Amino acid sequence: MDTDYIKVFGGNKIEAQRIKLTLEDNNIKAVIKDETESARLAGFGSPLPELIEVFVHKDEEEQSLALITTLNKKA
């Protein structure tokens, strides 16, 4: 992962997709890292199933975390 990106979320796939869509609706490019899927495609198991991470550019970290916090309050 490029060092200009920072993790803003780690959790299950459904929450990660919801966060990614919310960020993109607010013009923030979000990248999802799915180690479980990568391991499956390579033929290996994953020690942490369903651990999906969402990354954003460092410049958008503060805005992203604010949006995620707002989203979590609604849930």
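Every value quoted in this text rests on a predicted model; they were computed, and no experiment measured them. (Residues numbered from 1 in each chain as written. Predicted model: local features only at pLDDT ≥ 70, side-chain atom pairs only at ≥ 80, totals over all residues. Heavy atoms only, no water.)

**Student:** For this particular structure, what's the right way to read the pattern of salt bridges?
**Tutor:** Two side chains with opposite charge may pair up if their charged atoms get near one another. Considering all chains together, one arrives at two salt bridges under this definition. Here Glu53 makes a salt bridge to Lys7, at a shortest N to O gap of 3.4 Å. Taken together, the positions of Glu53 in strand β3 (residues 52-57) and Lys7 in strand β1 (residues 5-11) put the pair 46 residues apart, joining distant regions of the chain. Note on Glu53: relative accessible area 15%, which makes it buried. (Salt bridge = Lys/Arg side-chain N within 4 Å of Asp/Glu carboxyl O. Helix = DSSP H or I, 4+ residues; strand = E, 2+ residues; numbered from the N terminus. Buried < 20%, exposed > 50% of the residue type's maximum accessible area, 1.4 Å probe, protein only.)

**Student:** So what exactly am I meant to see when it comes to the packing of helix α1 (residues 13-25) against helix α3 (residues 61-74) here?
**Tutor:** Where α1 meets α3, the axes come as close as 10 Å, and the angle between the chain directions of the two elements is 125°. Between α1 and α3, the angle is such that the two are oblique. The way α1 lies across α3 gives a crossing that is right-handed. The residues of α3 that touch α1, namely those facing Arg18, Ile19, Thr22 and Leu23, are Ser64, Leu67, Ile68 and Leu71. Of the residues that constitute the contact of α1 with α3, the class distribution is five nonpolar, two polar and one charged. (Axes fitted to C-alpha atoms, helices over the stretch in contact; angles between N-to-C directions. Parallel < 35°, antiparallel > 145°, perpendicular 65-115°, else oblique. Left-handed = near helix turned anticlockwise from the far one by under 90°. Contact = heavy atoms within 4.5 Å. Nonpolar A, V, L, I, M, F, W, Y, C, P; charged D, E, K, R; others polar.)

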